[in-house]
Amino acid sequence: MPSYKAPVRDMRFVLHEVFGTGFFAETEALSDFTPDLIDPILTEAAKLCETVLFPLNRSGDEEGCTLARGQVTTPTGFKEAYKLYCDGGWPAMGCKPEFGGQGVPKTVVALVEEMVAAANLGFSAYPGLSYAGAVALEAHGSDALKAAYLPAIVDGRWTATMCLTEPQCGTDLSLIRTRAVPVADGYHITGTKIFISAGEHDLAENIIHLVLARLPDALPGIKGISLFLVPKFLPDGSRNAVECGAIEHKMGMKGSATCTMNFDNAQGWLVGQLHKGMAAMFAMMNKARLSVGLQGLGLADISHQNALAYARDRLQGRALPGLQGDGSADPIIRHLDVKRMLLTQKAWIEGMRALAVWIALALDRRDHAASAADRAAAEDFVALMTPISKALFTDLGSECTHLGVQIFGGHGYIREHGMEQYVRDCRITQLYEGTNGVQALDLVLRKVPEGDGRLLATFCQPVEALMAALSAVDWAAETLPAFRSAYEQWQQATRFITSAPMADRMAVASDYLRLFGLVALGHVWLRMMQVAAVGGEDFHRAKMATGRFYLLRLLTQADGLSRAILTGGPAVSQFDEALFG
Ligand SMILES: Cc1cc2nc3c(=O)[nH]c(=O)nc-3n(C[C@H](O)[C@H](O)[C@H](O)COP(=O)(O)OP(=O)(O)OC[C@H]3O[C@@H](n4cnc5c(N)ncnc54)[C@H](O)[C@@H]3O)c2cc1C
């Protein structure tokens, strides 16, 4: 049976030693969040995840959700776990204090989100979507809507959903058909939404749907879409005309109910401005994209933890002379191919965690920095890194969970060991909140060219400053040139991406996103090594050795990616569709 130990030591290293929380101390709204307060939050979250949520992960997957007469029943134990989650104040963690939230820095929230997703991805959907809904309402709701709905979402009595997808419309939201007709008090919403996470369940007293719909006279396409709040129960306690018609039978993430929601003249209220629904929904989607990236990271981590324990225990074959033990067979961790797989997981995971913290700190700066210029720069950095973290972390999450199965050999394919669940669960993270292909297009077509490279500058400046700072440092003599070479390849690829014909750019967008992500991970690895180089613990020595592996081994993928970007586009764009046969 698998186990889970939240990586609190590594989180503290990245947060306190590498990036530092000095910004919190300088900022009135965050000044309470000293390491003395942050560390117990992480420890308590770890306890909840290890002892309450993780034990329900396998049973939640086996049992799944059921639907009867419009009511969804979540797996055994989820209700009690959700109550403990709310009693502990976890839903309120990142929300604003004026609505009962705790105003915890987004950086700390992100670390907790990683743990919750690792421990039980199915469970994480219920509070996860709610938090994203609270963020959208905080940003775009009227004062009356905020007063009526936010406090109960913030304390977890009610949960929120995000209703975009319809049968004919997934990526392309301009095809939305759900209708909103103005009535005396608000709007009547009619239509069918599919694939709605936590659309119906038995964990909370009310479910607040945030629904994209269009008015009868709205312009066609994206410009005609508005956002509405549609509660399951109306303020007077009566039932609104929204029902769950079906739940999906899925590959993974079975503890989360994925619902078809039918709205039949349901009472709703406008969120934000008419016809500006996409802008309001983007507040929720961008928040959710960062969270989905953290899901990929969490699943990679739990897969690695269990693969490592297995590789130390499983005896097969003889290792190279010098690595052999006393028995007739050695632990498989001593076989260099197994060691390569474990190191690959470790290097991806610790790199992703550091990159996640860098981005989350920018979220806190965006919300709280004293000067408008600092807030704008942080906003630019977050906008640039959102598609990268969503797609890169979930692609690498999937790669890591596959490696976890591989390290277990045939036993990884057998349900009993739990490793195959991580593969199945992780697969959805590459698809929802905008597929990873769509993230790559967002990066290439919007974020990179935006403001003539203004967003890019927020990445390049710290990267180039660190390269300069390390140029004469002994420990970096071997690894810095490897990074510099990848960075130069990325610069060349970026020039191509901003100047090549549209078709060639689009055809290599995913390669470019991965190259960008690998270089960003290389940078945070150097930052971690800079700190670890002067640390005296085995933990720090492990950082140096893992960073070396990342920079000398994994980052060499930049060579192939940059060639694919510079010359590979036409091989896709010029391929005649008819030749598929
Ligand atoms: C378990 C689960 C939970 C979900 N939860 C929610 C939820 O809570 N709320 C909600 O609203 N939705 C939810 N979704 C829906 C999810 O966000 C969509 O499935 C996803 O956005 C993709 O849409 P689609 O499935 O229609 O695929 P399509 O849009 O049909 O895409 C199919 C393929 O074509 C590619 N593609 C499409 N358009 C383009 C383009 N312009 N350029 C390049 N490639 C393109 C895609 O990348 C993909 O590979 C959920 C889905 C699942 C499976």
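Anything mentioned here points back to the structure above.
I will try to describe carefully the structure that is included in this document.

Here is what the cut-offs are and how they apply
One numbering rule holds for all chains: residues counted from 1, following each sequence as written. Reporting of local features is limited, given that this is a predicted model, to residues whose pLDDT is at least 70; pairs of side-chain atoms are given and counted only at 80 or more, and all residues count toward the totals for whole chains, interfaces and linings. Where side-chain values are given, they derive from all heavy atoms of the structure, hydrogens and water being excluded. Put simply, a residue is near a molecule or strand once any heavy atom of it comes within 4 Å of that molecule or strand. Residues adjacent in sequence count toward polar contacts only when both atoms are side-chain atoms; beyond that, a polar contact is any pair of N or O atoms within 3.5 Å, and within protein one must be able to donate a hydrogen and the other to accept it. Surface exposure here means Shrake-Rupley accessible area, sampled with a 1.4 Å probe, where a residue is shielded only by the protein chains that are shown. Whether two aromatic rings pair depends on their centres lying within 6.5 Å, for rings of Phe, Tyr and Trp, where Trp uses its six-membered ring; planes under 30 degrees apart make the pair stacked, over 60 edge-to-face, and the rest tilted. Under the scheme used here, helices are H or I runs from DSSP no shorter than 4 residues and strands are E runs no shorter than 2 residues, and both carry numbers assigned from the N terminus. For every residue, the accessible area (1.4 Å probe, protein chains only) is compared with the maximum for its type, and the residue is labelled buried under 20%, exposed over 50%, or partly exposed between those bounds. Here, a charge over a ring is recorded when the distance from Lys NZ or Arg CZ to the ring centre is within 6 Å and its angle to the ring normal is within 35 degrees. By this definition, two strands are paired if DSSP reports at least two bridges between them. Residue contacts follow a heavy-atom distance rule, with two residues in contact if any of their heavy atoms lie within 4.5 Å. The salt bridge definition used is simple: a Lys or Arg side-chain nitrogen within 4 Å of an Asp or Glu carboxyl oxygen. Arc, as used here, means the arc of the directions from the helix axis to the C-beta atoms. Only protein atoms enter the 1 Å grid, on which a cavity is a set of points fitting a 1.4 Å probe that cannot get out and a pocket is an open set with protein on both sides within 12 Å along at least 5 of 7 lines, lining residues being those with an atom within 4 Å of a point. Grid points are joined across faces, edges and corners, and a volume is the space filled by probe spheres set on the points. For this scheme, ten residues count as nonpolar: Ala, Val, Leu, Ile, Met, Phe, Trp, Tyr, Cys and Pro. Four count as charged, namely Asp, Glu, Lys and Arg, and the remainder, Gly too, count as polar. Only the stretch in contact is used when a helix axis is fitted, and all axes are lines through C-alpha atoms; the angle between N-to-C directions ranges over 0 to 180 degrees. Roughly parallel refers to an angle under 35 degrees, roughly antiparallel to one over 145, roughly perpendicular to one between 65 and 115, and oblique to any angle outside these ranges. Handedness of each helix crossing follows the sense of rotation of the near helix against the far helix: counterclockwise by less than a right angle gives left-handed, clockwise gives right-handed. For the purposes of this section, nonpolar cores are sets of buried Ala, Val, Leu, Ile, Met, Phe, Trp, Tyr and Cys residues that join through side-chain atoms within 4.5 Å.

Examining the site of the ligand
Not every one of the 17 residues close to the ligand is listed here, only the nearest: M162, T165, T171, F195 and T435. Side-chain polar atom of T165 to a nitrogen atom of the ligand: 2.7 Å apart, as the coordinates give it. Interatomic distance of 2.8 Å between a side-chain N/O atom of S197 and a nitrogen atom of the ligand. Alone, the ligand offers 980 Å² of accessible surface; in the complex the protein occludes 61% of this.

Re the packing of aromatic side chains
Applying the stated rule across the entire model yields 19 aromatic pairs. A ring pair is formed by Y82 and Y85, whose centres lie 6.4 Å apart and whose planes are at 15 degrees; its orientation type is stacked. Taken together, the positions of Y82 and Y85, both in helix α5 (residues 78-87) and three residues apart, correspond to about one turn of that helix. Y85 matches Y82 in its accessibility class, with the two residues each being buried. Plain terms: the ring middles of Y512 and F516 are 5.9 Å apart, the flat faces sit at 75 degrees to each other, and that makes the pair edge-to-face. Placement of both Y512 and F516 in helix α17 (residues 509-532) is noted, with a separation of four residues, approximately one turn of the helix. The pair formed by Y512 and F516 is uniform in burial state, with each residue classed as buried. Among the aromatic residues, ring-to-ring pairing joins W358, F381, F459, F483, Y487, W490, Y512 and F516 into one connected group. Between R9 and the ring centre of F539, over which it is positioned, the NZ or CZ distance is 4.0 Å.

Side note on the environment of Q273
Within the fold, Q273 resides in the loop between β9 (258-271) and α9 (277-313). By relative accessible area, which is 54% here, Q273 ends up exposed. Sequence-wise, Q273 and H140 are 133 residues apart; in three dimensions their C-alpha atoms are separated by 8.3 Å.

Points about the pairing of strand β5 (residues 186-197)
The two faces of the sheet receive side chains in turn, since in a regular strand these alternate between them. Pairing geometry for strand β4 (residues 179-183) and β5, over five bridges, is antiparallel. Its bridge partner being in β5, V181 is matched across the sheet by H188. Hairpin connection between β4 and β5: a loop of two residues separates the two successive antiparallel strands. With eight bridges joining them, β5 and β9 adopt antiparallel strand pairing. Residue pairing for β9: K193 is matched across the bridge by M261.

A word on the side chain of H540
With respect to the helices, strands and loops of the structure, H540 is situated in helix α18 (residues 538-552). Taking the relative accessible area as the measure of exposure, H540 reaches 5% and is therefore buried. If we ignore the near neighbours within four places in the chain, the residues touching H540 are R9, F13, E17, A532 and G535.

Here we look at the pattern of salt bridges
Under the criterion given, the structure shown has 34 salt bridges. Among the ionic pairs, D87 bridges to K83, the shortest N-O distance being 2.8 Å. Note that D87 and K83 are positioned in helix α5 at a spacing of four residues, about one turn of the helix. Classification of D87 as exposed rests on a relative accessible area of 54%. The residue R514 makes a salt bridge to E399 at a minimum N-O spacing of 2.7 Å. One end of the pair, R514, is in helix α17; the other, E399, is in helix α11 (residues 372-407), and 115 residues separate them in sequence. Among the residues examined, E399 registers a relative accessible area of 30% and is labelled partly exposed.

Overview of helix α19 (residues 557-567)
Within the span of α19, buried status applies to A558, L561, S562 and I565. An end-on view of α19 places all buried positions within 100 degrees of arc, on one side of the element. Those residues of α19 that are exposed and angled more than 90 degrees off the buried face are R563 and T567. Elements in contact with the buried residues of α19: α15 (479-497) and α17.

Focus: the layout of surface pockets
Looking at the second largest pocket, its volume works out to about 660 Å³. Around the second largest pocket, the lining comprises 24 residues; the ones closest to its centre are H304, L308, K346, E350 and A542. If one sorts the elements of the lining of the second largest pocket by residue count, helix α10 (residues 336-368) sits on top with seven residues.

Concerning empty space enclosed by the protein
Under the definition given, this model contains two cavities of 30 Å³ or more. If you add up the space inside the largest cavity, you get close to 150 Å³. Residue assignment for the lining of the largest cavity shows that the elements contributing at least two residues are α6 (106-119), α9, α10 and α11. Residues belonging to the lining of the largest cavity are distributed by class as follows: ten nonpolar, one polar and three charged. For the second largest cavity, the calculated volume is near 30 Å³. Looking at the second largest cavity, the residues that line it are N57, G60, D61, N120, G122, M253, K254, G255, Q421 and D425. Every element with two or more residues in the lining of the second largest cavity is listed here: α4 (57-63) and α12 (419-427). Considering every element that reaches the lining of the second largest cavity, the biggest residue donor is α4, with three residues.

A few points about the packing of α15 against α18
Following both chains from N to C, one finds α15 and α18 inclined at 40 degrees, their axes separated by 9 Å at the closest point. The angle between α15 and α18 falls in the class oblique. With respect to the hand of their crossing, α15 and α18 are arranged in left-handed fashion. Along its contact with α15, which presents T479, A482 and F483, the element α18 presents R548, L551 and L552. In the contact of α15 with α18, the residues fall into four nonpolar, one polar and one charged.

Structural notes on the environment of L175
For L175, the position within the fold is in the loop between β3 (158-163) and β4. A residue is classified by how much of its surface remains accessible, and L175, at 40% relative accessible area, is partly exposed. Residues L175 and G221 lie 46 residues apart in sequence; the distance between their C-alpha atoms is 6.6 Å.

Concerning the nonpolar core
Grouped together as the largest cluster of nonpolar side chains are 205 residues, with contacts concentrated most on M115, F459, W490, Y512 and Y550. Broken down by element, this core gets its largest block of residues, 17 residues, from α10.

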